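Descriptive analysis of the structure
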Amino acid sequence: VQLVESGGGLVQPGGSLRLSCAASGRTFTAFAMGWFRQAPGKEREFVSTISGSGDSTRYADSVKGRFTISRDNAKNTVYLQMNSLKPEDTALYYCAAGYADLHRVVVTTAGYDTWGQGTQVTVSS
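This report concerns the structure included in the present document.

A few words now on the packing of aromatic side chains. Aromatic ring pairs are defined here through the distance separating the ring centres and the angle between the ring planes. Within the structure shown, the criterion is met by five aromatic pairs. Grouping aromatic residues by their ring pairs yields a cluster made of Phe36, Phe46, Tyr112 and Trp115. Positioned over the ring face of tryptophan 115 is arginine 44, at 4.7 Å from the centre of the ring. Arginine 71 extends its terminal NZ or CZ atom over the ring of phenylalanine 28, reaching a point 4.3 Å from the ring centre.

Here it is as structure tokens:
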């Protein structure tokens, strides 16, 4: 599978963005999908994950209640809706795919074997 992210940009604090990740290749539902982010000088961190079926999700505490992950298996696309953005959300956001059972989520980087190129999100006034 190949992944291409889009939707990043510059937004003011309190604003919203929606990231998209389009997948091509193998059966999309065979993959749990995840979003990770990496700020300059920091390690890559987990943001959110969704199962292949779309019925299971998980979020990092830092984004819970503000971000929503979803997927459209007919379009082979996963989304990350980001609301109430804060300056500390500034980072390069990566989409990832990992083989998993249909209803299973994956929260560790080791569980993913395919990564996108990343899309920059900058939250600043």
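After presenting the structure, the write-up continues.
The next point concerns the state of the cysteines. With the rule as written, the count across this model stands at one disulfide. Each sulfur of the disulfide joining cysteine 21 and cysteine 95 lies 2.1 Å from the other. Handedness here is read from the sign of the S-S torsion; for cysteine 21 and cysteine 95, about -80 degrees, the answer is left-handed. Of this pair, cysteine 21 sits in strand S3 (residues 17-24) while cysteine 95 sits in strand S9 (residues 91-99), and the two are 74 residues apart along the sequence. Take cysteine 21: its relative accessible area is 0%, and that puts it in the buried class. Relative accessible area serves as the criterion here: at 0%, cysteine 95 is assigned to the buried category.

Right, let's get into unusual backbone geometry. One non-glycine residue, asparagine 76, lies in the positive phi region at around 55 degrees. Within the secondary structure layout, asparagine 76 lies in the loop between strand S7 (67-72) and strand S8 (77-82).

On to the pairing of S3, then. Two elements, strand S1 (residues 2-6) and S3, share five bridges in a ladder whose sense is antiparallel. Within the sheet, the bridge partner assigned to glutamate 5 lies in S3 and is cysteine 21. Pairing of S3 with S8, which is carried by six bridges, proceeds in the antiparallel orientation. For leucine 17, the partnering residue across the bridge sits in S8 and is methionine 82.

In this fold, glycine 15 is placed in the loop between strand S2 (9-11) and S3. Here the alpha-carbon distance between glycine 15 and threonine 108, two residues 93 residues apart in the chain, equals 28 Å. Excluding anything up to four places from it in sequence, glycine 15 contacts Met82, Asn83, Ser84 and Leu85.

Moving on: the pattern of salt bridges. Overall, the coordinates contain four salt bridges when judged by the stated rule. With a shortest N-O distance of 2.5 Å, arginine 37 and glutamate 45 are connected by a salt bridge. The exposure class assigned to arginine 37 is buried, which follows from its relative accessible area of 5%. Across the pair arginine 66 and aspartate 89 runs a salt bridge whose closest N-O atoms are separated by 2.7 Å. You can see arginine 66 sitting in the loop between strand S6 (57-59) and S7 and its partner aspartate 89 sitting in the loop between S8 and S9, a full 23 residues away along the chain. A residue is classified by how much of its surface remains accessible, and arginine 66, at 11% relative accessible area, is buried.

Turning next to the sheet that holds S7. With antiparallel pairing, four strands are arranged side by side in an open sheet as S1-S3-S8-S7. Looking at which strands have only one partner, the edges of the open sheet turn out to be S1 and S7. Within the sheet, the average angular offset between the axes of one strand and its neighbour, ignoring direction, is 15 degrees.

Rules used in this analysis
- Residues numbered from 1 in each chain as written.
- Predicted model: local features only at pLDDT ≥ 70, side-chain atom pairs only at ≥ 80, totals over all residues.
- Heavy atoms only, no water.
- Phe/Tyr/Trp six-rings, centres within 6.5 Å; stacked < 30°, edge-to-face > 60°.
- Lys NZ or Arg CZ within 6 Å of the ring centre and 35° of its normal.
- Disulfide = S-S within 2.5 Å.
- Helix = DSSP H or I, 4+ residues; strand = E, 2+ residues; numbered from the N terminus.
- Buried < 20%, exposed > 50% of the residue type's maximum accessible area, 1.4 Å probe, protein only.
- Pairing = 2+ DSSP bridges.
- Contact = heavy atoms within 4.5 Å.
- Salt bridge = Lys/Arg side-chain N within 4 Å of Asp/Glu carboxyl O.
- Axes fitted to C-alpha atoms, helices over the stretch in contact; angles between N-to-C directions.

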